[in-house]
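Coordinate inspection notes
Take a look at the letters that make up each chain.
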Amino acid sequence: MAMSIASIEGKRTLNFIDGAMRPPKSGRYLPSFDPTNGEPWYEAADSDAGDVDEAVAAAKRAFLSPDWRRMTQTQRGKLVAKLADLVGAHAAAIGAMETRDNGKLLKEMVAQVSYTPETFRYFAGMADKIQGDTIPINKLDMFNFTLREPIGVVGIIVPWNSPMYLIAGNCAPNLAIGNTVVLKPSEHTSASALAFAELVIEAGFPKGVVNVVTGYGSGAGDALTRHPDIAKIAFTGGTETGKKVAANAASHLAPCNMELGGKSPHIVFDDADLDRAANGIVAGIFAAAGQSCVAGSRVFVHKRAFDEVVHKVIERGRAVRIGHPTDEDTQLGPLALKAQLDKVQRYVGYAVEDGAKCVLGGRQPQNAALARGWYFEPTLFVNVHNDMRLCRDEIFGPVAGVMAFEDEADLMRQANDTVYGLAAGIWTRDIDRAMRFARDVDAGLVWINCYRTAAYTSPSGGFKSSGYGKHNGFEAIREYTRLKNVMIDYSGVTHDPFVMRMKS
Ligand code: NAP
């Protein structure tokens, strides 16, 4: 892989279409900013519908070409496994580019990228294990079976918060099953997607199987989701964008897989290990500066444990080391975007206006060394109600509101009183209570005595305005197949042509 921070700093990156790097047709480029100082550090191709057309056409040709279509499943699996090795070998360089692009901790991004080879290997192993069924149909002289087939060209759109992790989760099942893809990364994090493209070629995939088109969501992203040759859209991003994408997809009846935003409830009962629970709350909302779809941003604590838990979270929050994301000691880096910092500040203002009380943070760090970056302190509010803007909207920053609850009924009512349904966490030693919560909460992912744990084997995906479809696990590969039913009549009988054969 030739790409690295040094190779692109101060330069322009291109699109990756049909196995080659190509300049955007418009000749325009967009800046990618370093969140630690607000300076642009390279420019990515600002693609338009013409580039998207070219990429989709290349992916369509590749899908139909015998090089890919007639490759055995086992061969395909081997290619995906080879890609796993290559991504693993370059995890440090890819993680470093992601940190420079999105400001998240270097150790977190390298850990995320280092984990993705497991995702590729998991789906590589599935390539020759996806099978249909043989189905009896009450007609003894007929044979009936199903085929699970690839669906075609899949458009993949990922956000900036965990680019390579989401690229892996979306590309691996598609490549394993035999689809081809056009990937549009966020305008803020183009580098890792292009580095990944280089590895696809090094692994030996036929040209056109993976294409990367960079650019703005409103430009390249919009064109990709409208394109009539896209068989399915895998979208990860905010709920409002997801609605636009789904509307575009509906214009040509393309199904979508929607991994959207959240406002996840994070619950502590008074019987819990309160130190572990407080630690979990910190992990849920302050890790990654809260820029996590599953952020536990609505914290509910039983009234008997409320003061103690709030005190513990404040203590831990004050001790968080804010600093440059590449420093080994740093626990909280900057927010990825200036717009994100503005949003966090706006919502802190709304919380105060709505009557909440800030008991931790609430401002940018008063440290001259960090003044040029988009940093924000870990922030906690009390005197909070679930209907405040702080609790209704996804903020995507290190900001949580803590609310007290009376009993399980009161808790469930408040926990489910949100348009979102992505994740939920509960801390309690009472397994019956934990199981009742897991059964009744409207969330696609439930953590009991843990939070923000991920596994490529485990299907995740939200309910309600958090989306539909699953990511990871067997469910993910099924999402990208189509099911065909085949019937064979071996009776040798000529049937009445005017009557549909229903009976045996
Ligand atoms: P976003 O603004 O919705 O953008 C997501 C992606 O969509 C980006 O690549 C973006 O490109 C693109 N996009 C924007 N407008 C588009 C349009 N009109 N048509 C097609 N594509 C368009 O979200 P974000 O701020 O990047 O990411 C944060 C959001 O992602 C949060 O809501 C978070 O909860 C969610 N998320 C969900 C999951 C999950 O698994 N459920 C995981 C991670 C993140 P540009 O960046 O170039 O505009």
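Below: a short report on this structure. In this text the structure is predicted, and so the values were computed from the model without any measurement.

Moving on, we get to the environment of V344. Assignment of secondary structure puts V344 in helix α13 (residues 338–353). Along the primary structure V344 and V399 are separated by 55 residues, whereas in three dimensions their C-alpha atoms are 7.7 Å apart. When neighbours within four sequence positions are excluded, V344 is seen to be in contact with L335, F376, I395, G397 and V399.

So, about the packing of aromatic side chains. This model, assessed by the stated rule, comprises 12 aromatic pairs. A ring pair is formed by F120 and F196, whose centres lie 5.9 Å apart and whose planes are at 20 degrees; its orientation type is stacked. On the criterion of sequence distance, the pair formed by F120 in helix α6 (residues 106–126) and F196 in helix α8 (residues 191–203) is long-range, its members being 76 residues apart. Like F120, the residue F196 is buried in the burial classification. The interplanar angle of 80 degrees and the centroid separation of 5.0 Å between the aromatic rings of Y122 and F123 together place this pair among those described as edge-to-face. Just as Y122 is buried, F123 falls in that class too. Sitting above the plane of the Y480 ring, K232 keeps its charged end 5.3 Å from the centroid.

Our next topic: unusual backbone geometry. A positive phi is found at A288, a non-glycine position, where the angle reads about 55 degrees. By the secondary structure assignment, A288 is in the loop between α11 (274–285) and β12 (298–302). Among the residues examined, A288 registers a relative accessible area of 14% and is labelled buried. Of note, N449 is a non-glycine position whose phi angle comes to about 55 degrees, a positive value.

The next subject is the sheet that holds strand β15 (residues 399–405). Spatial strand order, β13-β14-β15-β12-β11-β17-β18: seven strands in an open sheet with mixed pairing. The sheet terminates laterally at β13 (357–360) and β18 (445–448), the two strands that pair on one side only. Adjacent strand axes in the sheet meet at a mean angle of 25 degrees when their direction is disregarded. Relative to strand β14 (residues 379–382), β13 runs antiparallel, the two sharing three bridges. Looking at the pairing, K357 lines up with V382 of β14. Across the sheet, α13 lies against β14 and β15, angled at about 20 degrees from β14, the strand it touches most.

Analysis parameters
Residue positions are given per chain, counted from 1 along the sequence in the order it is written. Restriction of local features to residues with pLDDT of at least 70 applies here, the model being predicted, together with a cutoff of 80 or more for giving and counting side-chain atom pairs; totals for whole chains, interfaces and linings are based on all residues. With hydrogens and water excluded, all non-hydrogen atoms of the structure serve as input to the side-chain values. Helical segments are the DSSP runs of H or I of at least four residues, strand segments are the runs of E of at least two, and each set is numbered from the N terminus. Contacts are assigned to residue pairs with any non-hydrogen atoms lying within 4.5 Å of each other. Pairing of aromatic rings covers Phe, Tyr and Trp, the last through its six-membered ring, and needs centres within 6.5 Å; plane angles under 30 degrees mean stacked, over 60 mean edge-to-face, and all others mean tilted. Burial classification: accessible surface area is computed with a 1.4 Å probe over protein chains only, and a residue below 20% of its type maximum counts as buried, one above 50% as exposed, and the rest as partly exposed. Consider the ring centre and the ring normal. A charge sits over the ring if Lys NZ or Arg CZ is within 6 Å of that centre and within 35 degrees of that normal. We treat two strands as partners when DSSP finds at least two bridges between them. To get an axis, a line is fitted to the C-alpha atoms, and for a helix only the part in contact is used. The angle between two axes follows their N-to-C directions and goes from 0 to 180 degrees.

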